[in-house]
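# Results of the structural survey
Listed below, chain by chain, are the residues.
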Amino acid sequence: MGQSVHFCGSTMPGPFDSIGTTVQVNLVMMGMASSNGFSLKYQIASCNRTYNGNSGQIYSPGWPGNYPVDSYCEMTVTSSPGTSLSLYFNSFQIEAHRSCQYDGLLIRNSSSGTDIATLCGMALPDPIFAQGNRLWMKFYTDNSVTHPGYSISYTASFNGIGCGGNITGVNGSLTSPGFPSNNTLRQTCGWLLSAPARRTITVRFTSINVFGTAQCDTNYVEVYNGGSESNPRFSRYCSSETIAPLHADTNQVYVKYVSSGSGSAPLFRLVYTS
(Lines give C-alpha, C1' and ligand atoms only; values in the text may rest on other atoms or scores of the structure.)
Protein backbone atom coordinates (compact mmCIF):
# COMPACT_ATOMS: atom_id res chain seq x y z
CA MET A 1 0.00 0.00 0.00
CA GLY A 2 1.57 3.27 -1.11
CA GLN A 3 0.81 6.69 0.28
CA SER A 4 2.62 9.82 -0.80
CA VAL A 5 2.26 13.58 -0.92
CA HIS A 6 4.58 16.20 -2.41
CA PHE A 7 5.23 19.69 -1.03
CA CYS A 8 7.11 22.61 -2.55
CA GLY A 9 7.07 26.40 -2.45
CA SER A 10 6.67 28.57 0.63
CA THR A 11 3.06 27.86 1.65
CA MET A 12 2.80 25.97 4.94
CA PRO A 13 1.35 22.49 4.25
CA GLY A 14 -1.41 21.00 6.35
CA PRO A 15 -0.87 17.98 8.62
CA PHE A 16 -0.09 14.56 7.14
CA ASP A 17 -1.62 11.48 8.78
CA SER A 18 0.15 8.26 7.85
CA ILE A 19 -1.67 5.00 7.21
CA GLY A 20 0.83 2.77 9.00
CA THR A 21 3.47 3.12 11.68
CA THR A 22 6.37 4.33 9.51
CA VAL A 23 6.95 7.39 7.32
CA GLN A 24 9.79 8.10 4.89
CA VAL A 25 10.67 11.73 4.14
CA ASN A 26 12.68 12.49 0.97
CA LEU A 27 14.19 15.89 0.12
CA VAL A 28 14.85 16.46 -3.59
CA MET A 29 16.86 19.52 -4.66
CA MET A 30 17.72 20.22 -8.28
CA GLY A 31 19.75 23.05 -9.82
CA MET A 32 21.66 25.75 -8.02
CA ALA A 33 18.75 27.54 -6.35
CA SER A 34 19.02 27.85 -2.58
CA SER A 35 16.31 27.87 0.09
CA ASN A 36 15.92 27.69 3.84
CA GLY A 37 14.68 24.08 3.68
CA PHE A 38 12.08 22.82 6.13
CA SER A 39 11.45 21.81 9.72
CA LEU A 40 8.76 19.38 10.82
CA LYS A 41 7.47 17.67 13.95
CA TYR A 42 5.82 14.28 14.31
CA GLN A 43 3.88 12.50 17.01
CA ILE A 44 1.85 9.36 17.55
CA ALA A 45 -1.66 10.14 16.38
CA SER A 46 -4.92 9.21 18.04
CA CYS A 47 -7.28 6.99 16.08
CA ASN A 48 -10.04 9.56 16.68
CA ARG A 49 -10.28 11.54 13.46
CA THR A 50 -12.27 14.36 11.88
CA TYR A 51 -12.59 14.30 8.09
CA ASN A 52 -13.67 17.53 6.42
CA GLY A 53 -14.00 17.76 2.65
CA ASN A 54 -15.82 16.26 -0.27
CA SER A 55 -13.59 13.24 -0.85
CA GLY A 56 -10.95 11.17 0.90
CA GLN A 57 -10.07 7.79 2.34
CA ILE A 58 -10.57 6.29 5.78
CA TYR A 59 -8.41 3.46 7.15
CA SER A 60 -8.54 1.34 10.26
CA PRO A 61 -5.68 1.82 12.77
CA GLY A 62 -2.49 0.10 11.59
CA TRP A 63 -3.71 -0.43 8.03
CA PRO A 64 -2.59 -2.34 5.96
CA GLY A 65 -1.41 -4.41 8.93
CA ASN A 66 -3.76 -5.77 11.57
CA TYR A 67 -5.61 -3.36 13.81
CA PRO A 68 -4.59 -3.37 17.51
CA VAL A 69 -6.56 -4.98 20.32
CA ASP A 70 -8.67 -2.89 22.73
CA SER A 71 -9.22 -0.06 20.27
CA TYR A 72 -11.97 2.55 20.47
CA CYS A 73 -12.03 5.17 17.73
CA GLU A 74 -14.62 7.83 16.94
CA MET A 75 -14.65 9.50 13.52
CA THR A 76 -16.79 12.19 11.92
CA VAL A 77 -17.05 12.91 8.20
CA THR A 78 -18.47 16.26 7.07
CA SER A 79 -18.86 17.42 3.47
CA SER A 80 -20.15 20.68 1.99
CA PRO A 81 -23.68 21.83 2.92
CA GLY A 82 -26.29 20.58 0.50
CA THR A 83 -24.35 17.44 -0.45
CA SER A 84 -24.93 13.80 0.44
CA LEU A 85 -22.10 11.50 1.53
CA SER A 86 -21.35 8.04 0.14
CA LEU A 87 -18.98 5.44 1.60
CA TYR A 88 -17.47 2.84 -0.75
CA PHE A 89 -15.61 -0.13 0.74
CA ASN A 90 -12.33 -1.08 -0.93
CA SER A 91 -11.31 -3.75 1.61
CA PHE A 92 -12.96 -5.13 4.74
CA GLN A 93 -11.80 -7.76 7.26
CA ILE A 94 -13.10 -7.50 10.84
CA GLU A 95 -13.60 -10.40 13.26
CA ALA A 96 -16.94 -12.02 12.43
CA HIS A 97 -19.83 -12.33 14.88
CA ARG A 98 -23.58 -12.33 14.16
CA SER A 99 -24.12 -9.16 16.20
CA CYS A 100 -20.54 -7.77 15.87
CA GLN A 101 -20.07 -8.16 19.62
CA TYR A 102 -16.27 -8.42 19.59
CA ASP A 103 -14.99 -6.07 16.86
CA GLY A 104 -17.05 -3.83 14.61
CA LEU A 105 -17.63 -0.61 12.73
CA LEU A 106 -20.78 1.36 13.62
CA ILE A 107 -21.95 3.98 11.12
CA ARG A 108 -24.54 6.57 12.10
CA ASN A 109 -26.34 9.40 10.32
CA SER A 110 -25.21 12.47 12.27
CA SER A 111 -28.14 14.63 11.14
CA SER A 112 -30.83 12.24 12.42
CA GLY A 113 -28.80 10.29 15.00
CA THR A 114 -30.06 7.01 13.54
CA ASP A 115 -27.77 4.01 13.10
CA ILE A 116 -27.22 3.02 9.48
CA ALA A 117 -25.21 -0.18 9.98
CA THR A 118 -22.96 -2.12 12.33
CA LEU A 119 -20.44 -4.06 10.24
CA CYS A 120 -18.05 -6.95 10.82
CA GLY A 121 -16.94 -10.15 9.06
CA MET A 122 -14.94 -10.83 5.90
CA ALA A 123 -17.51 -9.96 3.21
CA LEU A 124 -17.18 -6.62 1.44
CA PRO A 125 -20.13 -4.49 2.62
CA ASP A 126 -22.47 -2.71 0.23
CA PRO A 127 -21.93 1.05 -0.06
CA ILE A 128 -23.38 3.39 2.54
CA PHE A 129 -25.47 6.26 1.14
CA ALA A 130 -26.10 8.91 3.79
CA GLN A 131 -29.17 11.14 3.85
CA GLY A 132 -27.08 14.27 4.39
CA ASN A 133 -23.56 15.65 4.59
CA ARG A 134 -22.50 14.26 7.99
CA LEU A 135 -21.65 10.77 9.23
CA TRP A 136 -20.40 9.54 12.60
CA MET A 137 -18.44 6.28 12.87
CA LYS A 138 -17.18 4.17 15.75
CA PHE A 139 -14.59 1.40 15.44
CA TYR A 140 -14.12 -0.92 18.42
CA THR A 141 -12.10 -4.08 19.11
CA ASP A 142 -11.76 -6.53 21.99
CA ASN A 143 -8.60 -7.99 23.52
CA SER A 144 -8.05 -11.01 21.27
CA VAL A 145 -8.44 -11.65 17.51
CA THR A 146 -7.30 -8.96 15.05
CA HIS A 147 -7.51 -8.56 11.26
CA PRO A 148 -6.45 -5.95 8.66
CA GLY A 149 -9.65 -3.94 9.15
CA TYR A 150 -10.99 -1.61 6.47
CA SER A 151 -10.15 0.77 3.66
CA ILE A 152 -13.02 3.11 2.73
CA SER A 153 -13.37 5.82 0.08
CA TYR A 154 -15.84 8.63 0.77
CA THR A 155 -17.22 11.23 -1.58
CA ALA A 156 -19.92 13.90 -1.64
CA SER A 157 -22.58 14.33 -4.31
CA PHE A 158 -24.32 17.57 -5.28
CA ASN A 159 -26.75 15.71 -7.59
CA GLY A 160 -28.65 13.40 -5.27
CA ILE A 161 -27.83 10.46 -3.04
CA GLY A 162 -25.01 8.37 -4.46
CA CYS A 163 -24.89 10.30 -7.74
CA GLY A 164 -21.33 11.34 -8.57
CA GLY A 165 -18.43 12.94 -6.73
CA ASN A 166 -14.65 12.82 -6.51
CA ILE A 167 -12.78 9.77 -5.23
CA THR A 168 -9.10 10.16 -4.40
CA GLY A 169 -6.41 7.75 -3.27
CA VAL A 170 -4.09 4.97 -4.35
CA ASN A 171 -7.13 2.73 -4.86
CA GLY A 172 -10.88 3.00 -4.50
CA SER A 173 -14.28 1.81 -5.59
CA LEU A 174 -17.67 3.17 -6.65
CA THR A 175 -21.12 1.89 -7.57
CA SER A 176 -24.29 2.96 -9.28
CA PRO A 177 -26.66 5.00 -7.06
CA GLY A 178 -28.50 2.85 -4.52
CA PHE A 179 -26.38 -0.25 -5.20
CA PRO A 180 -27.20 -3.16 -4.87
CA SER A 181 -30.76 -2.02 -5.68
CA ASN A 182 -31.72 -1.12 -9.22
CA ASN A 183 -31.93 2.60 -9.97
CA THR A 184 -35.36 3.79 -11.16
CA LEU A 185 -34.55 7.52 -11.10
CA ARG A 186 -33.77 9.71 -14.10
CA GLN A 187 -30.15 10.73 -13.40
CA THR A 188 -26.85 11.70 -14.95
CA CYS A 189 -23.92 11.19 -12.59
CA GLY A 190 -20.18 11.73 -12.96
CA TRP A 191 -17.27 10.55 -10.80
CA LEU A 192 -13.67 11.74 -11.03
CA LEU A 193 -11.19 9.06 -9.90
CA SER A 194 -7.77 10.50 -8.97
CA ALA A 195 -4.63 8.64 -7.90
CA PRO A 196 -1.40 10.31 -6.70
CA ALA A 197 0.78 12.03 -9.29
CA ARG A 198 3.05 9.86 -11.48
CA ARG A 199 0.72 6.86 -11.15
CA THR A 200 -1.65 5.40 -13.74
CA ILE A 201 -5.09 3.98 -13.01
CA THR A 202 -6.51 0.56 -13.86
CA VAL A 203 -10.31 0.16 -13.65
CA ARG A 204 -11.98 -3.22 -13.15
CA PHE A 205 -15.74 -3.79 -13.16
CA THR A 206 -16.57 -6.38 -10.49
CA SER A 207 -20.29 -6.33 -11.33
CA ILE A 208 -22.47 -4.94 -14.09
CA ASN A 209 -26.07 -5.89 -14.82
CA VAL A 210 -28.82 -4.33 -16.91
CA PHE A 211 -32.46 -5.19 -16.29
CA GLY A 212 -34.86 -5.45 -19.20
CA THR A 213 -33.83 -4.16 -22.62
CA ALA A 214 -30.88 -1.80 -22.50
CA GLN A 215 -30.85 1.25 -24.74
CA CYS A 216 -27.34 2.50 -25.27
CA ASP A 217 -28.48 6.07 -25.82
CA THR A 218 -30.50 6.37 -22.59
CA ASN A 219 -29.06 3.86 -20.06
CA TYR A 220 -25.32 3.35 -19.93
CA VAL A 221 -21.96 3.72 -18.19
CA GLU A 222 -19.00 5.41 -19.87
CA VAL A 223 -15.34 5.43 -18.79
CA TYR A 224 -12.89 8.07 -20.03
CA ASN A 225 -9.10 7.86 -20.24
CA GLY A 226 -8.56 11.08 -18.30
CA GLY A 227 -10.30 13.47 -15.92
CA SER A 228 -13.26 14.63 -18.04
CA GLU A 229 -15.51 13.85 -20.99
CA SER A 230 -13.10 15.78 -23.23
CA ASN A 231 -10.62 12.89 -22.93
CA PRO A 232 -10.74 9.75 -25.11
CA ARG A 233 -13.47 7.31 -24.14
CA PHE A 234 -12.70 3.65 -23.46
CA SER A 235 -16.24 2.60 -24.34
CA ARG A 236 -19.94 2.86 -23.50
CA TYR A 237 -21.41 -0.07 -21.55
CA CYS A 238 -25.12 -0.88 -21.55
CA SER A 239 -25.45 -4.64 -21.15
CA SER A 240 -24.57 -7.41 -18.72
CA GLU A 241 -21.16 -8.10 -20.19
CA THR A 242 -17.69 -9.08 -19.08
CA ILE A 243 -15.45 -6.02 -19.29
CA ALA A 244 -11.69 -6.42 -19.51
CA PRO A 245 -9.56 -4.23 -17.22
CA LEU A 246 -9.21 -0.65 -18.46
CA HIS A 247 -5.68 0.78 -18.26
CA ALA A 248 -5.54 4.58 -18.25
CA ASP A 249 -2.54 6.62 -19.38
CA THR A 250 -2.73 9.06 -16.46
CA ASN A 251 -3.63 9.28 -12.79
CA GLN A 252 -7.25 10.28 -13.52
CA VAL A 253 -10.32 8.53 -14.92
CA TYR A 254 -13.83 9.94 -15.42
CA VAL A 255 -16.90 7.71 -15.07
CA LYS A 256 -20.29 8.86 -16.43
CA TYR A 257 -23.60 7.17 -15.60
CA VAL A 258 -26.90 7.87 -17.36
CA SER A 259 -30.28 6.49 -16.30
CA SER A 260 -33.56 7.19 -18.11
CA GLY A 261 -35.58 6.16 -15.06
CA SER A 262 -37.03 3.22 -16.95
CA GLY A 263 -35.62 0.57 -14.61
CA SER A 264 -33.08 -0.70 -17.13
CA ALA A 265 -30.20 1.50 -15.97
CA PRO A 266 -26.93 -0.39 -15.41
CA LEU A 267 -26.38 -1.69 -11.90
CA PHE A 268 -22.59 -1.73 -11.43
CA ARG A 269 -19.67 -1.82 -9.07
CA LEU A 270 -16.07 -1.10 -10.04
CA VAL A 271 -12.71 -0.84 -8.32
CA TYR A 272 -9.60 1.04 -9.35
CA THR A 273 -5.93 0.55 -8.51
CA SER A 274 -2.84 2.55 -9.37
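Quick look at the structure, then. Nothing here was measured: the structure is a model prediction, and the numbers come from that model.

The rules behind each value
- Residues numbered from 1 in each chain as written.
- Predicted model: local features only at pLDDT ≥ 70, side-chain atom pairs only at ≥ 80, totals over all residues.
- Heavy atoms only, no water.
- Phe/Tyr/Trp six-rings, centres within 6.5 Å; stacked < 30°, edge-to-face > 60°.
- Helix = DSSP H or I, 4+ residues; strand = E, 2+ residues; numbered from the N terminus.
- Buried < 20%, exposed > 50% of the residue type's maximum accessible area, 1.4 Å probe, protein only.
- Lys NZ or Arg CZ within 6 Å of the ring centre and 35° of its normal.
- Salt bridge = Lys/Arg side-chain N within 4 Å of Asp/Glu carboxyl O.
- Pairing = 2+ DSSP bridges.
- Core = buried A, V, L, I, M, F, W, Y, C linked by side-chain atoms within 4.5 Å.
- Contact = heavy atoms within 4.5 Å.

Turning to the packing of aromatic side chains, a few remarks are in order. Across all of its chains, the model carries twelve aromatic pairs by this definition. Ring centres of Tyr67 and Phe139 lie 5.2 Å apart, and the angle between their planes is 80°; on these two criteria the pair is classed as edge-to-face. One end of the pair, Tyr67, is in the loop between strand E2 (55–59) and strand E3 (72–78); the other, Phe139, is in strand E8 (residues 134–140), and 72 residues separate them in sequence. In terms of burial, Tyr67 and Phe139 fall into one category: buried. The ring centre of Tyr220 lies 3.7 Å from the NZ or CZ of Arg236, which sits over that ring.

Here we come to the pattern of salt bridges. Applying the stated criterion to the full structure yields four salt bridges. The salt bridge partner of Arg108 is Asp115, with a shortest N-O separation of 2.6 Å. Among the residues examined, Arg108 registers a relative accessible area of 25% and is labelled partly exposed. Between Glu229 and Lys256 there is a salt bridge, with the nearest N and O atoms lying 3.1 Å from each other. With Glu229 in the loop between strand E14 (220–224) and strand E15 (233–237) and Lys256 in strand E17 (residues 252–260), this residue pair connects regions lying 27 residues apart in the sequence.

Spatial ordering of the open sheet is given by E2-E9-E4-E7, a layout of four strands whose pairing is antiparallel. Among the strands making up the open sheet, the edge pair consists of E2 and strand E7 (128–129). As paired elements, strand E4 (residues 84–93) and strand E9 (residues 149–157) share nine bridges and run antiparallel to each other. Residue pairing in the sheet places Ser91 in a bridge with Ser151 of E9.

With that settled, the discussion passes to the nonpolar core. General note: in soluble globular proteins, nonpolar side chains tend to be found buried as a group. Within the largest apolar cluster, 27 residues are counted, with the highest numbers of intra-cluster contacts made by Ile58, Met75, Leu105, Ile107, Met137 and Tyr150. Looking at this core, the elements with two or more residues in it are E3, E4, strand E5 (104–109), strand E6 (115–119), E8 and E9. Excluding its chain neighbours within four sequence positions, the residues that come into contact with Ile58 are Tyr51, Met75, Val77, Met137, Tyr150, Ser151, Ile152 and Tyr154. Counting residues in hydrophobic clusters, the runner-up holds 26 residues, among them Ile167, Val203, Tyr237 and Tyr272.

The values are spatial; any link to function lies outside them.
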